[in-house]
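Topology and contacts: notes
What follows is each chain in one-letter form.
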Amino acid sequence: MAWADVLSESTQNLTHQTRPTQPAYLPPHLRQLVARGGRSNRNSFPPPAGPNFNQRQTATPYDIITEKLDQVELTVDGNNNSDVINLDAYEDVPVEATGSDIPPAVKSFGEIQMCEALNENIKRRKYVKPTPIQRHAIPIVMAGRDLMACAQTGSGKTAAFCFPIISRILRDRFDQVVSVRNGVRTRIAYPTSLILSPTRELSCQIHDEAKKFSYQTGVKVVVAYGGAPMAQQFYNLEKGVDILVATPGRLVDMIERERVSLKMIKYLALDEADRMLDMGFEHQIRKIVQQMGMPPPGTRQTMLFSATFPDDIQRLASDFLSNYIFLTVGKVGSSTDLIAQRVELVQDMEKRSHLMKLLSTQKANGSRGKPALTLVFVETKRGADALEHSLSMNGFPAIAIHGDKVQRERERALRSFKSGATPILVATDVASRGLDIPHVAHVINFDFPKDIDDYVHRIGRTGRAGNSGMATAFFSDKNMPLAKALVEVMQEAKQEVPSWLSQCAQNFVGSVRSSRYGRSKFGGSDFRSSQNDYYYPSSNSNGDANSFVDTYANVYNTGGYGAPTSFDNYASAGGRSSNADYYGAHNPPGPYAHYSTADDYPPANIDAFAARSNGNEYGYGSIVASGWD
DNA sequence: CGCCCTT
């Protein structure tokens, strides 16, 4: 059966299973969807106007204001461990938002109208004060707007899209939906929110986070990714799902098997969005977002997040968005002031011996009686295995992670690294984005990446949540074309650039596309700013390309933020794939029968909740678990 | 290019 037919048929037979306290309700976006017969959404360029397209307010000229935030007292109660939040880490973070009718930022979580259960979870996670990206992004999403956001690595992006998604799910109280075909209920799950990420481990991490934020809210979070048996993931879906966190391949598979439908999607978030739209992923993402029944832009809300957002990718991404706000928070790539970047000229033949020399010198410098965690990035999977072997043979406890390993081995490697059992992790770019590994002291770019953005993401594995970190890059003759881009990244982060590297950069001027960072102080700039005539062709009567785009920029002093550094006791599980023991025995599978309310939710507290899912039979306990503590 | 992404 063709896709459209499947969708059409199941849509006509959608049944809304009312949650206990709410009457049946058909969301507006689905009414439209049904009327269209579920035809696939083919976006055009420029994108269709969103709901607010014709309600744009009077023109506001480009304005730059300076704002000093009130100092918010930061207390981390009950946090007696040795982690220290660096209060000064995020001072002078530049913020720029472009688009129409930009909702103002908030200064505290209290200003955001979120439900009490969510606020409680925020407190439980010891989030005292929103990070800059959270302060700006949450109000935008809460206001119903589409968003393209650039924020430093390690600055709290996950929560920035999870909070408002959970909050709006609770506000709207979407029913769990089931469909009926020929009088028989299908096994299709209808999530209302979808979060996509480029790697399995990152999807797991996002799931664990989202799960903790949704504790005692009744919001159901399920993760689906490849390399693991489908059965448990199906089972979790059958128990009902509000938020589905997934990697693209497994999601497509599940949709084609008619176990997941995107027809009810109201909120779509792409994490590492530039990667998701880059070569190798774009086709799959377009298929998921545009050709598998998802409501089109304007009838769903779309959020794209990354630390980097090159112009060409922004252009692709705008297909998915409607009247969006572009937000950039913080300098290029990470809390880079916190990462000491070094570059060493090392020829390929000498890299191994040089690495071992480097590792020897830092061996003695571990903290808290444990060796410092060192993450070594290489170019290829084979190279990862080879280097792992070489290091191990020479007395350096190393383990490799890459896409040729089976999932169990990938997660085992990550766990072994996080626990300190194997304090050296040799990784391909599977580990370069998004993974929050506490206490990574040193990132070594053994093979310099082909794309400077990958460099930014890789070094962002250290220096997280206000902690400092170190990054060392081995730079060889082969890498000369990237010298200029590297110099620019380092200068943005106020790093000392070795003179030989500056010389290399000059020698290779013009030999490679100019850096995308040249024009902006920030992680990216709104590509619409040079193309407003194209994007808003009919709204502008006076010919001023900027006249209807409200723009503001804040330069402010955050005084640090309450990013938790010691919440790993919460992070120790996440409930992936094993709430079966709570539900299975007394509740038959079915989307709404299991919808839990705050009162009947089984676990006694968030720790118990989080701990439940460790050590299930497939070994997929948390891989986001605590590092040292 | 190789890296990731269903079986």
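As the structure is a computational prediction, the values presented were derived from the model and not from experiment.

**Focus on the layout of surface pockets**
The space that makes up the second largest pocket amounts to roughly 710 Å³. Lining the second largest pocket are 29 residues, with R275, D429, V430, S432 and D454 positioned closest to its centre. No other element matches the three residues that helix α15 (residues 452-459) contributes to the lining of the second largest pocket. Here the residues of the lining of the second largest pocket are counted per class, giving seven nonpolar, five polar and 17 charged.

**Some words on the protein's contact with DNA strand B**
In the vicinity of DNA strand B lie 22 residues, with R250, R275, T380, K381 and G403 positioned nearest. Close to the protein, within 4 Å, the atoms of DNA strand B are drawn from sugar and phosphate at a rate of 74%. Contact distances for DNA strand B include 2.8 Å between a sugar or linking oxygen and a backbone N or O atom of G249. At 2.6 Å from a phosphate oxygen of DNA strand B is found a main-chain nitrogen or oxygen belonging to G403. Of the residues forming the surface near DNA strand B, the biggest block, three residues, is contributed by helix α8 (residues 248-256). The class makeup of the residues in the surface near DNA strand B is five nonpolar, ten polar and seven charged.

**A few points about the UniProt feature "domain: DEAD-box RNA helicase Q" (unreviewed entry) in chain A**
Mapped onto this structure's residue numbering, the UniProt feature "domain: DEAD-box RNA helicase Q" (unreviewed entry) falls at residues 107-135. For residues 107-135, the end-to-end C-alpha separation is 6 Å, with 45% helix and 0% strand making up the annotated structure.

**Brief notes about the nonpolar core**
Formed by 66 residues in total, the largest nonpolar core has its most connected members in L147, F163 and L327. Residue contributions to this core peak at nine residues, all from helix α5 (residues 157-172). Core analysis: the next-biggest nonpolar cluster, separate from the first, contains 39 residues, C150, V241, M294 and F309 among them.

**Examining the packing of helix α4 (residues 132-142) against α5**
To characterise two packed helices, one gives the angle between the axes of the helices and the distance between these axes. The contact between α4 and α5 brings their axes to 9 Å, and the two run at 30°. Judged by the angle between their axes, α4 and α5 are roughly parallel. Like other packed secondary-structure pairs, α4 and α5 cross with a definite hand, here right-handed. Where α4 abuts α5, its residues I133, Q134, A137, I138, V141 and M142 lie against K157, A159, A160, F163, P164, S167 and R168. Classifying every residue of the contact of α4 with α5 by side-chain character gives nine nonpolar, two polar and two charged.

**Here's the deal with the packing of aromatic side chains**
Taken as a whole and assessed by the stated rule, the structure comprises ten aromatic pairs. With centroids separated by 5.8 Å and ring planes inclined at 50°, the aromatic side chains of F446 and F474 adopt a geometry described as tilted. Taken as a pair, F446 in the loop between β17 (440-445) and α15 and F474 in strand β18 (residues 469-475) lie far apart in primary sequence, 28 residues in all. Here F446 matches F474 in class, with each residue buried. Chaining the aromatic ring pairs together yields one cluster made of F109, Y127, F163 and F213. Directly above the ring of F234 sits R259, whose terminal nitrogen or CZ lies 4.1 Å from the centroid. Sitting above the plane of the F446 ring, K351 keeps its charged end 5.6 Å from the centroid.

**A look at the sheet that holds β18**
Taken in spatial order, the six strands line up as β13-β18-β17-β14-β16-β15 in an open sheet, and their pairing is parallel. Only two strands of the sheet have a single partner each, and these edge strands are β13 (339-345) and β15 (398-401). Each strand of the sheet is rotated relative to its neighbour by a mean of 20°, with strand direction disregarded. Note: β15 against strand β16 (residues 424-427), four bridges, orientation parallel. The residue bridging I399 from the neighbouring strand is L425, located in β16. The sheet contacts of helix α13 (residues 381-393) involve β14 (373-377), β15 and β16, and relative to β15 the element is tilted by about 175°.

**Looking at the packing of helix α16 (residues 483-492) against helix α17 (residues 499-507)**
The N-to-C vectors of α16 and α17 enclose an angle of 130°; their axes lie 7 Å apart at closest approach. Judged by the angle between their axes, α16 and α17 are oblique. For α16 against α17, the interelement crossing comes out left-handed. In this structure, α16 uses A483, K484, L486, V487 and M490 to contact α17, whose residues at the interface are L501, S502, C504 and A505.

Parameters and conventions
- Every chain's residues receive numbers from 1 upward, in the order its sequence appears when written.
- Labels follow written order: the first chain is A, the first ligand is 1, and so on.
- A pLDDT threshold of at least 70 governs which residues receive local features in this predicted model, and a stricter bar of 80 or more applies before side-chain atom pairs are shown or counted, although totals over entire chains, interfaces and linings include all residues.
- Hydrogen atoms and water are omitted, and side-chain values are computed over all heavy atoms in the structure.
- A pocket here means an open set of points on a 1 Å grid, computed over the protein atoms alone, that has protein on both sides within 12 Å along at least five of seven lines. A cavity is instead a set of points where a 1.4 Å probe fits but cannot get out; residues with an atom within 4 Å of a point line either one.
- Grid points are joined across faces, edges and corners, and a volume is the space filled by probe spheres set on the points.
- Numbered from the N terminus, helices here are DSSP runs of H or I no shorter than four residues, and strands are runs of E no shorter than two.
- Amino acids are sorted into nonpolar (Ala, Val, Leu, Ile, Met, Phe, Trp, Tyr, Cys and Pro), charged (Asp, Glu, Lys and Arg) and polar (every other residue, Gly among them).
- Throughout this document, a residue counts as near a molecule or strand when at least one of its heavy atoms sits within 4 Å of that molecule or strand.
- Polar contact is defined as a pair of N or O atoms within 3.5 Å, subject to the rule that within protein one atom must be able to donate a hydrogen and the other to accept it, and that residues adjacent in sequence are counted only when both atoms are side-chain atoms.
- UniProt positions are given in the numbering used here, feature names are shortened, and annotations may be inferred rather than shown by experiment.
- We call a set of buried residues a nonpolar core when its members are Ala, Val, Leu, Ile, Met, Phe, Trp, Tyr or Cys and they connect through side-chain atoms within 4.5 Å of each other.
- Exposure categories follow from relative accessible area, calculated using a 1.4 Å probe and restricted to protein chains: below 20% of the type maximum is buried, above 50% is exposed, and the middle band is partly exposed.
- Helix axes are fitted to C-alpha atoms over the stretch in contact, other axes to C-alpha atoms as well, and angles between N-to-C directions run from 0 to 180 degrees.
- When describing relative orientation, an angle under 35 degrees is termed roughly parallel and one over 145 degrees roughly antiparallel, while 65 to 115 degrees is termed roughly perpendicular and anything else oblique.
- Should the near helix be turned counterclockwise from the far one by less than a right angle, the crossing is left-handed, whereas a clockwise turn marks it as right-handed.
- Working rule for contacts: check all heavy atoms of both residues, and any pair within 4.5 Å makes them a contact.
- Classification of ring pairs uses Phe, Tyr and Trp, with its six-membered ring standing for Trp, and accepts pairs whose centres are within 6.5 Å; under 30 degrees between planes counts as stacked, over 60 as edge-to-face, and the remaining range as tilted.
- The rule for a charge over a ring is simple: NZ of Lys or CZ of Arg within 6 Å of the ring centre, and within 35 degrees of the ring normal.
- Only strands joined by at least two bridges in the DSSP assignment are considered to pair.

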